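# A closer look at the structure
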Amino acid sequence: MKLKTIVLFLFTGLLFNSCSKKDDDNQNNNPNIPNAVFDTGNLINTSLPQYNQMQFPGNYITLNSNYGIKGVVLYYAGNNNYSAFELSDPNHPVSSCSNLTVNGIVATCNCADENAYEILNGTRQEGTTGQYTLVRYFVEVNGSVIRVFNN
């Protein structure tokens, strides 16, 4: 009986340990990007002309610095699969050159090293200096409204 109890406690402990938040993006320990708390609410409505392109895969929009630190890029890959990332280079302290410019599916830093990242998944392009990937934000889709937030 005691052996079953011990095994049950060990199994429960392992289960809770494996359910901890995984830090795939290295962003929790990133000293360069402060935590930005924001919520677009119902701002992004794909039935409105300015956001209509977000109904079609391969398109993106950028949101100004009212959202995130230097702004946010929202990319639509298709099948209700949206990704949103911070537009500040995660491998530089926030500065005038650390903002990212999006061209196609690549966001490039304006600093001398020209770090570059894919807006599909936030990964670093070859030749990018530093260890951090783009800071990912949460995306929620409800009908034609896309909500981007971080809290």
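From a predicted model like this one, the values you see are computed outputs, not experimental measurements. (Residues numbered from 1 in each chain as written. Predicted model: local features only at pLDDT ≥ 70, side-chain atom pairs only at ≥ 80, totals over all residues. Heavy atoms only, no water.)

Across the sheet, which stays open at both edges, the 3 strands sit in the order 6-7-8 with antiparallel pairing between neighbours. In this open sheet, the two strands that pair with only one neighbour each are strand 6 (100-103) and strand 8 (116-118). Along the sheet, successive strands turn relative to each other by an average axial angle of 25 degrees, direction set aside. (Pairing = 2+ DSSP bridges. Helix = DSSP H or I, 4+ residues; strand = E, 2+ residues; numbered from the N terminus. Axes fitted to C-alpha atoms, helices over the stretch in contact; angles between N-to-C directions.)

With that settled, consider unusual backbone geometry. In this model, Asn 79 sits at a positive phi of 50 degrees, which is unusual for a non-glycine residue. Relative to the helices and strands, Asn 79 is located in the loop between strand 4 (72-78) and strand 5 (81-86). One non-glycine residue, Asn 80, lies in the positive phi region at around 60 degrees.

Taken as a whole, the chain shows an average pLDDT of 87; of its residues, 81% reach a score of 70 or greater. Taken together, the stretch residues 7-27 has pLDDT below 50 and engages in 10 contacts with residues farther than four places along the chain or on a different chain. (pLDDT = per-residue confidence, 0-100. Contact = heavy atoms within 4.5 Å.)

Within the structure shown, the criterion is met by 2 salt bridges. The residue Arg 147 makes a salt bridge to Asp 39 at a minimum N-O spacing of 2.8 Å. Taken together, the residues Arg 147 in strand 10 (residues 145-150) and Asp 39 in strand 1 (residues 38-39) connect sequence positions 108 residues apart. Taking the relative accessible area as the measure of exposure, Asp 39 reaches 39% and is therefore partly exposed. Ionic pairing is found between Glu 140 and Arg 147, a salt bridge with its closest N-O pair at 3.3 Å. Members of the salt-bridge network, linked through shared partners, are Asp 39, Glu 140 and Arg 147. (Salt bridge = Lys/Arg side-chain N within 4 Å of Asp/Glu carboxyl O. Buried < 20%, exposed > 50% of the residue type's maximum accessible area, 1.4 Å probe, protein only.)

Attention now goes to the pairing of strand 9 (residues 136-142). Regular strands place their side chains on alternate faces of the sheet. Strand direction decides the pairing type here: strand 5 and strand 9, joined by 2 bridges, are antiparallel. Across the sheet, residue Ala 84 finds its bridge partner in strand 9, namely Tyr 137. Where strand 9 lies against strand 10, 5 bridges are found, and the strand directions are antiparallel. Bridged to Val 139 within strand 10 is Val 148. Between the antiparallel neighbours strand 9 and strand 10 lie 2 residues, among them Gly 143 with a positive phi of about 65 degrees.

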